[in-house]
Amino acid sequence: MDYTNSIEVHNLKKYYKDTKAVDGISLSIEKGKVTAILGPNGAGKTTTVETLEGLRKADSGEIYYFGEKIKEVDEKIKEKIGVQLQSSTFLSNLTVYETIKTFAGLYKKSLDVDKIIIKFNLEEKKKSKIKNLSGGEQQRVALACAVINDPEIVFLDEPTTGLDPQARRNLWTAIEELKKDGKTVVLTTHYMEEAEYLSDKIYIVDHGKIIAEGKVNELVKTINMKSVINFSVNHKSEIFSEYQKNEDGIFKTETSDIEKTLVEIYEKARKNDLTIENLSIRNPNLEDVFLHLTGRKLRD
Amino acid sequence: MKIKELFTAYTKDSFRQFETVFWAIVFPSLFFIFFVSIFENAFNQENDFNLKAGIYYEKPLTGINKMTFESVFNAEGIPFHFSEYTDKEKGIEDVKKKDIDIFIVFPENFDKLNLKNFDRLNLKFISDKLNVNIDNLQIYTNYTTDSQYAYKIFKSITDEINIAIKNKGELKENFRLEYIGTQEKEFRYRDYLFPSILLMGILTISFFNIPIGMAENIEKGIIKRFSVTPLRGSDFFMGFMLSNLLVVVLSIIVLYFEGYLLKIEPVVYSFKFLSFLFYSIIVCVSFGLLIASFFKKINTAAVFGQIAYQMTIFLSGFYFDTKATPWIIRWYVYFNPVTYMVDGMRNIINGNSVGLQNLIVPAIWLVVSLTVFSFSFKRVMHYEK
């Protein structure tokens, strides 16, 4: 069957007593793309994806997998999806190789374990026990287990939470590899830079509802916010008196045309024989979008 | 195929844990050796009870006196090792030095005594001085416990002789000797202990490895992770349980090997015993599943498992007879299915048949445990529905 969207969800609801964990979410997960579900902790991201993975049963709503409406996530679908859960571990006394091999044995079709180990840069840790791995290495093993069945869709639930910047960057590279391989990736995260860097489409979720969706630049445009340029000069700062200046001597200006404004600043500095120092440009981002939509920061 | 993968994974994980290997396999076998070495010797001490007695005849006995005392000294079952002295002072010295426990001096005129007057003999301990005169028979002891036993036993022998002599000719042996009931086998502590140790190994797996392992699978999200694969709940259960059963089997094999070296009653290799052992394994494993049904956290499963394990083991007649316990505890003993399992195995070892209660009570537990677990497991494996 031909389909554009690997998964489609219509009006999904999941309530726990008085809590509306998922309150009418609709999603379209495009085939071969990375779709991020972004939101603060407790927004309903994990409940949504766990429902799609078959771990939870929706109270109402419709789910379509590969163009077909499904009643439940059965074994046939599970053969075609790969999942990295938010927090799960494996048998701690097994080696990396044994763990991935065990998961390979759970599917009808699986990739070569050694190749997967090389792909996720785990050769050196191949014989190490799971309990002796770092957080980043454990996440890479989890990702390797998630793709060992060569799935069409990969769910990654907050894959980089708790990792150091280097480990996070390594995992991003691995996720980019999945995208290159043509996998459909569903990524939940509360890191806006992760969503910005990795995703083709973003759904921003808050209080169990989708409050915005689209590509990063589309979402940023909707809030009509200007970029901010900060800089300082080595002397004669009065030349730039038209710009706001703070107590530390840093000038600040807002602009919707960064290139034009930068040319103006550098031209003025050249004419007065000044040197521009500490220049920084801050473009509006998803954090601003979230702040604009909800009145609070993403990580509040 | 999936079961095999999980079985392999769980088995490797188990055997790489020190706790599993030690508590399930090493500890029961060490425990068996220690208990047999310590307590079997204690039980056998009575047979080795041997007192050293010295005899000195100031004048050799003759006639009925000689016959009577020679038959006593050479009788089987008398806990004395008699040695005749030729030097009275040497005998007294040996008592002092505790080389012998009792020294009996037959005076010169003893042979002339009428044995019917034997009960009038004045038997006295020697105290600080070893020169207390005794009218006829002189007995020297020291203050050791063995020496006191020796005196009491010798005294009772002389009483027996008195009774025998007094009644001579008056009692007729006009009765018929008849043995009824079954002859009890000689008691050996190792045979008594062997079923307990077997069950100890099995219960270690069922009270600790199974519920804690299951709680660990839940708490660490391993079951959740498997739930998003095409793995069925039954496949997971079989893989997990088979790895635990392998540990049980290895524990039993090690104990049987140890039992073979210790020359355990050969009936333990019989089909009857092995069948009852297999039945006990199934029942014990079901307890583990019952505990796993109620405790989803590692810590609570471990604490409850420890309490239940200790109560089950100590109040089932594992190491001592529980018939004499207070009635409140006795109710637990009757309620405890392990009581019937260990009793059933001991019945087989003693050549008796397994009672109906040995089968029915554990069977009730088996059915209840499996029923409760099946509902609980469905909930766990489906994570949340």
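Predicted, not measured: the structure shown is a model, and the values here were computed from it.

Conventions we followed
- Residues numbered from 1 in each chain as written.
- Chains lettered and ligands numbered in written order.
- Predicted model: local features only at pLDDT ≥ 70, side-chain atom pairs only at ≥ 80, totals over all residues.
- Heavy atoms only, no water.
- Helix = DSSP H or I, 4+ residues; strand = E, 2+ residues; numbered from the N terminus.
- Buried < 20%, exposed > 50% of the residue type's maximum accessible area, 1.4 Å probe, protein only.
- Contact = heavy atoms within 4.5 Å.
- Areas by Shrake-Rupley, 256 points an atom, 1.4 Å probe, with all protein chains shown as cover.
- Pairing = 2+ DSSP bridges.
- Core = buried A, V, L, I, M, F, W, Y, C linked by side-chain atoms within 4.5 Å.
- Axes fitted to C-alpha atoms, helices over the stretch in contact; angles between N-to-C directions.
- Polar contact = N/O pair within 3.5 Å; in protein donor to acceptor, adjacent residues only side chain to side chain.
- Parallel < 35°, antiparallel > 145°, perpendicular 65-115°, else oblique.
- Left-handed = near helix turned anticlockwise from the far one by under 90°.
- Nonpolar A, V, L, I, M, F, W, Y, C, P; charged D, E, K, R; others polar.
- Phe/Tyr/Trp six-rings, centres within 6.5 Å; stacked < 30°, edge-to-face > 60°.
- Buried area = accessible area lost by both parts, 1.4 Å probe.
- Salt bridge = Lys/Arg side-chain N within 4 Å of Asp/Glu carboxyl O.
- pLDDT = per-residue confidence, 0-100.
- Expected span 1.5 Å × (residues − 1).
- Patch = residues over 30% accessible without salt bridge, like charges linked within 9 Å, V, L, I, M, F, W, Y side chains within 5 Å.

A few words on the overall build of chain A. Looking only at helices and strands, chain A has ten helices and 14 strands in total. The buried share of chain A, taken over its 300 residues, is 50%. Here the analysis covers contacts within chain A between residues at least 6 apart in sequence; of these, 69% occur between residues at least 24 apart. Accessible surface for chain A amounts to roughly 14800 Å². Of this, 44% is attributable to carbon and sulfur atoms.

The next subject is the overall build of chain B. A tally of helices and strands in chain B yields 13 helices and four strands. Going through the 385 residues of chain B one by one, you find that 47% of them count as buried. Considering only contacts in chain B between residues 6 or more positions apart, those separated by 24 or more positions represent 78%. Roughly 21100 Å² of accessible area belongs to chain B as shown, and the carbon and sulfur atoms make up 61% of that amount.

What follows is about the pairing of strand 3 (residues 102–106) of chain B. Residue and element names in this part refer to chain B. Where burial is concerned, most of strand 3 is hidden: five out of the five residues are buried. Burial along strand 3 is two-sided: the residues I102, I104 and F106 and F103 and V105 are all buried. Relative to strand 3, strand 1 (residues 51–57) is paired through five bridges, and the arrangement is parallel. Of the residues in strand 3, the one forming a bridge with Y57 is F106.

This part is about the nonpolar core. Grouped together as the largest cluster of nonpolar side chains are 113 residues, with contacts concentrated most on I100(A) and F236(B). With 14 residues, helix 6 (residues 189–219) of chain B is the largest single contributor of residues to this core. The contacts of I100(A), once residues within four sequence positions are left out, are V113(A), I116(A), I117(A), L122(A), V141(A), A144(A), C145(A) and I148(A).

A separate point is the sheet that holds strand 6 (residues 81–84) of chain A. Residue and element names in this part refer to chain A. An order of 6-7-8-3-9-10 is seen for the six strands of this open sheet, with the pairing classed as mixed. Bordering the open sheet on either side are strand 6 and strand 10 (209–214), each of which pairs with just one other strand. Recorded for the sheet is a direction-independent mean angle of 15 degrees between the axes of neighbouring strands. Alignment of strand 6 against strand 7 (residues 153–157), held across four bridges, turns out to be parallel. Residue pairing in the sheet places I81 in a bridge with I153 of strand 7.

On to the environment of K272(B), then. Residue and element names in this part refer to chain B. As for its position among the elements, K272 is in helix 9 (residues 271–294). Here the alpha-carbon distance between K272 and V354, two residues 82 residues apart in the chain, equals 9.3 Å. Filtering out sequence-adjacent residues up to four positions away, K272 remains in contact with I348, N352 and S353.

The next subject is the side chain of N285(A). All names here are of chain A. Position of N285 among the secondary structure elements: in the loop between strand 14 (276–282) and helix 10 (286–294). Within the structure, the side chain of N285 is placed 2.9 Å from the backbone nitrogen of E287, a separation counted as a polar contact. When residues no more than four places from it in sequence are discounted, the contact partners of N285 are M192, E196 and V220.

The next point concerns the packing of helix 6 of chain B against helix 10 (residues 298–314) of chain B. Residues and elements named next belong to chain B. Interhelical geometry of helix 6 versus helix 10 gives an angle of 165 degrees and a closest axis separation of 9 Å. Taken together, helix 6 and helix 10 sit at an angle that is classed as roughly antiparallel. For the crossing formed where helix 6 meets helix 10, the hand is right-handed. Across the interface between the two elements, M200, L203, T204, F207, F208, P211, I212, A215, E216 and E219 from helix 6 touch I298, A301, A302, G305, Q306, A308, Y309, T312 and I313 from helix 10. Along the lines of polarity and charge, the residues of the contact of helix 6 with helix 10 split into 13 nonpolar, four polar and two charged.

Attention now goes to the packing of aromatic side chains. Residues and elements named next belong to chain B. The full count for this structure, using the stated rule, is 40 aromatic pairs over all chains. Taking 5.2 Å as the distance between ring centres and 75 degrees as the angle between the ring planes, the aromatic pair formed by Y85 and F103 counts as edge-to-face. Remark: F103 occurs in strand 3 and Y85 occurs in strand 2 (residues 80–85); sequence separation between them is 18 residues. Each member of the pair, Y85 together with F103, is buried. A ring pair is formed by F287 and W365, whose centres lie 5.7 Å apart and whose planes are at 80 degrees; its orientation type is edge-to-face.

With that settled, consider the interface of chain A and chain B. On the side of chain B, 26 residues touch chain A, which itself brings 31 residues to the contact. Roughly 2800 Å² is buried in total at the junction of chain A and chain B, and carbon and sulfur atoms are behind 57% of that figure. For the chain A face of the interface with chain B, the top three residues by lost area are L55(A), L91(A) and L106(A), together amounting to 24%. Linking chain A with chain B are four salt bridges. A salt bridge links K12(B) to E98(A), with the nearest nitrogen and oxygen atoms 3.5 Å apart. Taken together, the links from chain A to chain B amount to eight residue pairs in polar contact (both at pLDDT 80 or more). With four residues, helix 3 (residues 96–104) of chain A is the largest single contributor of residues to the side of chain A that touches chain B. Split into classes, the residues belonging to the side of chain A that touches chain B amount to twelve nonpolar, seven polar and twelve charged.

On to the confidence of the model for chain B. Residues and elements named next belong to chain B. Per-chain confidence: chain B averages 81 in pLDDT, with 82% of residues scoring 70 or above. Across residues 114–134, where pLDDT falls below 50, the model places 43 contacts with residues more than four positions away in sequence or in other chains. Within the model, the stretch residues 169–175 combines pLDDT values under 50 with zero contacts to residues more than four positions away or in other chains.

The next point concerns the packing of helix 1 (residues 2–15) of chain B against helix 8 (residues 233–261) of chain B. All names here are of chain B. With their axes 8 Å apart at the nearest point, helix 1 and helix 8 run at an angle of 45 degrees to one another. In terms of their interaxial angle, helix 1 and helix 8 are classed as oblique. In the packing of helix 1 onto helix 8, the handedness of the crossing is right-handed. Taken together, the residues of helix 8 that come into contact with helix 1 (itself represented by K2, I3, L6, F7, Y10, T11 and F15) are D235, F236, M238, G239, F240, L242, S243, L246, V247 and L250. The residue inventory of the contact of helix 1 with helix 8, partitioned by class, reads twelve nonpolar, three polar and two charged.

As a further point, take helix 5 (residues 135–147) of chain A. An ideal rise of 1.5 Å per residue puts 18 Å on 13 residues; helix 5 of chain A measures up with 19 Å between its terminal C-alpha atoms. Considered for burial, the residues of helix 5 of chain A that qualify are G136(A), E137(A), Q139(A), R140(A), V141(A), A142(A), L143(A), A144(A), C145(A), A146(A) and V147(A). If you follow the buried residues of helix 5 of chain A, they end up packed against strand 6, helix 3, helix 4 (113–119), strand 7 and helix 6 (165–180) of chain A together with helix 7 (222–227) of chain B.

Residues and elements named next belong to chain A. The four strands are arranged 2-1-4-5 in an open sheet whose pairing can be described as antiparallel. The sheet terminates laterally at strand 2 (19–30) and strand 5 (68–70), the two strands that pair on one side only. Ignoring strand direction, the axes of neighbouring strands in this sheet form an average angle of 25 degrees. The pairing of strand 1 (residues 5–16) with strand 2 spans nine bridges and is antiparallel. Along strand 2, the bridge assignment pairs K14 with V22.

This brings us to a nonpolar patch on the surface. Residues and elements named next belong to chain B. A cluster of nonpolar side chains, namely V26, L30, I33, F34, I38 and F39, defines an oily patch on the protein surface of about 500 Å² accessible area. Tracing the sequence through the fold places I33 in helix 2 (residues 18–44). Among the residues examined, I33 registers a relative accessible area of 38% and is labelled partly exposed.

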